[in-house]
Amino acid sequence: MDLLSIKDNVQKTAEAIASVVGVDVTVTDDSLLRIAGTGKYKASIGERLNKSGIFAHCLKNNKPYIVRNPNEDNVCKLCGKLDCLEHAEIASPISINNKVYGVIGLIAFDENQKNLLLKNEESIMSFLDKMASLIAFQVIEKRKIIGNNIVTEFNNIIYKSAK
C-alpha cells in the first residue's frame, strides 16, 4: 500500500496546503514518482524526480530539509539542474514509525515566496510535518480498510463453504 492508492486525497491535501501557505506544493511517493502537485508542478504529475536531489535526500534520511539558497546548497547542487527556477524549498518526509511513504515539498519561485517560507520557517515546518503525518495516516487507514475487507471476504467464503 502506497501513496499512489490515495493520490486523490494527497492532491486535495497539496491544494489545501498551497492555498494556506501561498507557495507551490509537490508530493512524491517512495520511488520519487510525483503523485500530486500544484501550480507549476500540476502538469508534471506522473513524472519521476531526480534521484540525487532534495527529495531523494529527504527520502533517504527520513528528515526534513530546507534549502535557503539553492545555488549554494550542497544537496541542491547534486540534482544537476542548471536552469532551476526555485528560490527556496522546504521538504519533509511522509513517514510513520520510520517507514517513509514519500516526500512533500513547498517550493518558492520568487523572492516574495522565499521570504514567506523562511520568515515563518518553524511554524511552516511544524505545519508541514502535521500534513505529512495526516497523509501517512491515510495510507494506514486505507490498509486497515483493505485488510478488513479481505477478512470479511475470507469469512464469507468459509461461511458459504460450510453450508
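Up top is the structure.
Residues numbered from 1 in each chain as written. Predicted model: local features only at pLDDT ≥ 70, side-chain atom pairs only at ≥ 80, totals over all residues. Heavy atoms only, no water.

Q: Help me out: how do you make sense of the overall build of the protein in this one?
A: Within the protein, the secondary structure is distributed over 5 helices and 5 strands. Scanning the protein from its N terminus toward the C terminus, one meets helices and strands in the order α-β-β-α-β-α-β-β-α-α. The buried share of the protein, reckoned over its 163 residues, is 43%. Taking the intrachain contacts of the protein between residues at least 6 apart in sequence as the baseline, contacts between residues at least 24 apart amount to 57%. Accessible area of the protein: about 9300 Å², with a carbon and sulfur share of 53%. (Helix = DSSP H or I, 4+ residues; strand = E, 2+ residues; numbered from the N terminus. Buried < 20%, exposed > 50% of the residue type's maximum accessible area, 1.4 Å probe, protein only. Contact = heavy atoms within 4.5 Å. Areas by Shrake-Rupley, 256 points an atom, 1.4 Å probe, with all protein chains shown as cover.)

Q: Honestly, the side chain of Thr28 in this entry has me stumped. Any pointers?
A: By the element assignment, Thr28 lies in strand β1 (residues 24-29). We classify Thr28 as buried; its relative accessible area is 0%. Discounting chain neighbours no more than four positions away, the residues touching Thr28 are Leu3, Leu33, Arg34, Ile35, Leu49, Phe55, Tyr101, Gly102 and Val103.

Q: Even after reading the chapter, I still don't get the nonpolar core, so can you show me in this structure?
A: What tends to happen in soluble globular proteins is that the nonpolar side chains get buried as a cluster. Counting residues in each nonpolar core, the largest one holds 31 residues, and the members touching the most others are Leu3, Val10, Val27, Ile94, Ile104, Leu106 and Leu117. When residues of this core are traced back to their parent elements, those giving at least two are α1 (7-21), β1, β2 (34-37), β4 (88-96), β5 (99-108) and α5 (121-162). Broken down by element, this core gets its largest block of residues, 8 residues, from α5. Filtering out sequence-adjacent residues up to four positions away, Leu3 remains in contact with Val10, Val27, Thr28, Asp29, Ile35, Ile94, Tyr101, Gly102, Ile135 and Val139. Core analysis: the second largest hydrophobic core is formed by 14 residues, Phe55, Val67, Ala91 and Val100 among them. (Core = buried A, V, L, I, M, F, W, Y, C linked by side-chain atoms within 4.5 Å.)

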